[in-house]
Amino acid sequence: MTSLLPTKRYSSLLLASLLILFGCSLTPKPNLTQFNTCQEALYPPITVVMTSGDFQHSRNRDAFLSALEEANVFESIINTNTDFVMEVNLDIKNTMEDNAGGYAKAAIWCLTMGLVPLSMEFVTKGAIKLKYKGTVFEELDIESHYKSIGNLFSFSDNKDESVEGAYRKVVEEIIEEIMERKSFDKILQKNVKL
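Residues numbered from 1 in each chain as written. Predicted model: local features only at pLDDT ≥ 70, side-chain atom pairs only at ≥ 80, totals over all residues. Heavy atoms only, no water.

**Points about the overall build of the chain**
Short version of the rule: In this text, helices come from DSSP runs of H or I with a minimum length of four residues, and strands from runs of E with a minimum of two, each type numbered from the N-terminal end. For every residue, the accessible area (1.4 Å probe, protein chains only) is compared with the maximum for its type, and the residue is labelled buried under 20%, exposed over 50%, or partly exposed between those bounds. Residues are treated as being in contact if the distance between any of their heavy atoms lies within 4.5 Å. Each accessible area is a Shrake-Rupley result for a 1.4 Å probe, and residues are judged covered by the shown protein chains and nothing else.
From N to C terminus, the chain includes six helices and five strands. When the helices and strands of the chain are listed from N to C terminus, the series reads α-β-α-β-β-α-β-β-α-α-α. Residue burial in the chain is summarised as follows: out of 194 residues, 40% are buried. Pairs at least 24 apart in sequence give 77% of the contacts found in the chain among residues at least 6 apart. Surface summary for the chain: the accessible area is close to 11500 Å², and the carbon and sulfur share equals 55%.

Have a look at this one:
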């Protein structure tokens with residue numbers, strides 16, 4: 001006689017899936033449009049120089065730059081010389097890769113072909129230097145934590161999941177800090193008086 005109740009193996013998998021799904025709190029999704037809702041940018045064009053090895057991967061570089069563009073605070077983000085330069089030195093780490101629990105989550109995710117939700121936590125550390133005509137006028141120390149849960153389908157088409165979401169969160173925190181410190185306002189006001 002066949003039982004309708006799941007076997008021990010499947011009930012363990014179900015329990016593990018539920019723990020993964022409900023076992024961690026999520027970071028609120030980044031809201032990059034909050035900074036500038038009008039069409040006109042707040043700050044002049046900026047050159048972004050990426051010095052970290054993490055940006056050797058085009059996925060990371062593109063995620064950071066597209067998040068910065070989405071914030072719509074700079075007239076343009078270009079890679080030729082401008083008066084303003086943002087030097088970015090960030091390292092991002094998926095903490096799941098550091099422990100046995102992370103390996104277990106990854107194994108379950110692989111065994112279910114990505115259908116079981118997977119929780120991920122990224123820690124981004126580094127520094128941002130803002131320069132005007134070669135002189136540093138602001139330095140920001142960055143430490144950002146980002147948690148998300150997704151499955152194969154959400155990771156592939158959701159910009160707030162996985163490493164893309166982590167970079168969007170970092171950009172959100174960078175812009176918040178720049179605006180709070182009035183970093184560009186000080187330089188722009190000084191130059192208007194000249």
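Alright, that's what it looks like, and here's the rest.
**Description of the nonpolar core**
This is how the line gets drawn: Residues belong to one nonpolar core when they are buried, are Ala, Val, Leu, Ile, Met, Phe, Trp, Tyr or Cys, and are joined through side-chain atoms within 4.5 Å.
Ranked by internal contacts, the top residues of the largest apolar core, which has 39 residues, are Phe64, Leu68, Phe74, Met86, Ile128, Ile174 and Phe184. The leading source of residues in this core is helix H5 (residues 162-181), at eight residues. Residue contacts for Ile128: discarding those within four places in its chain leaves Met86, Glu87, Val88, Leu90, Glu138, Glu139, Leu140, Ile142 and Ile174.

**Quick look at the packing of aromatic side chains**
Spelled out, the test is: Working definition: a ring pair exists when centres of Phe, Tyr or Trp rings (six-membered ring for Trp) sit within 6.5 Å. Plane angles under 30 degrees give stacked, over 60 give edge-to-face, the rest tilted.
Counted under the stated rule, the structure contains 10 aromatic pairs. Arranged with centres 5.7 Å apart and planes meeting at 35°, the rings of Phe55 and Tyr167 form a pair that is tilted. Here the residue Phe55 occupies a position in the loop between strand E1 (46-50) and helix H2 (58-71), and Tyr167 occupies one in helix H5, the gap between them amounting to 112 residues. A residue is classified by how much of its surface remains accessible, and Phe55, at 3% relative accessible area, is buried. Owing to a relative accessible area of 0%, Tyr167 belongs among the buried residues under this scheme. Ring-pair connections join several aromatic residues into one group, and the members of that group are Tyr43, Phe74, Phe84, Tyr132, Phe137 and Phe184.

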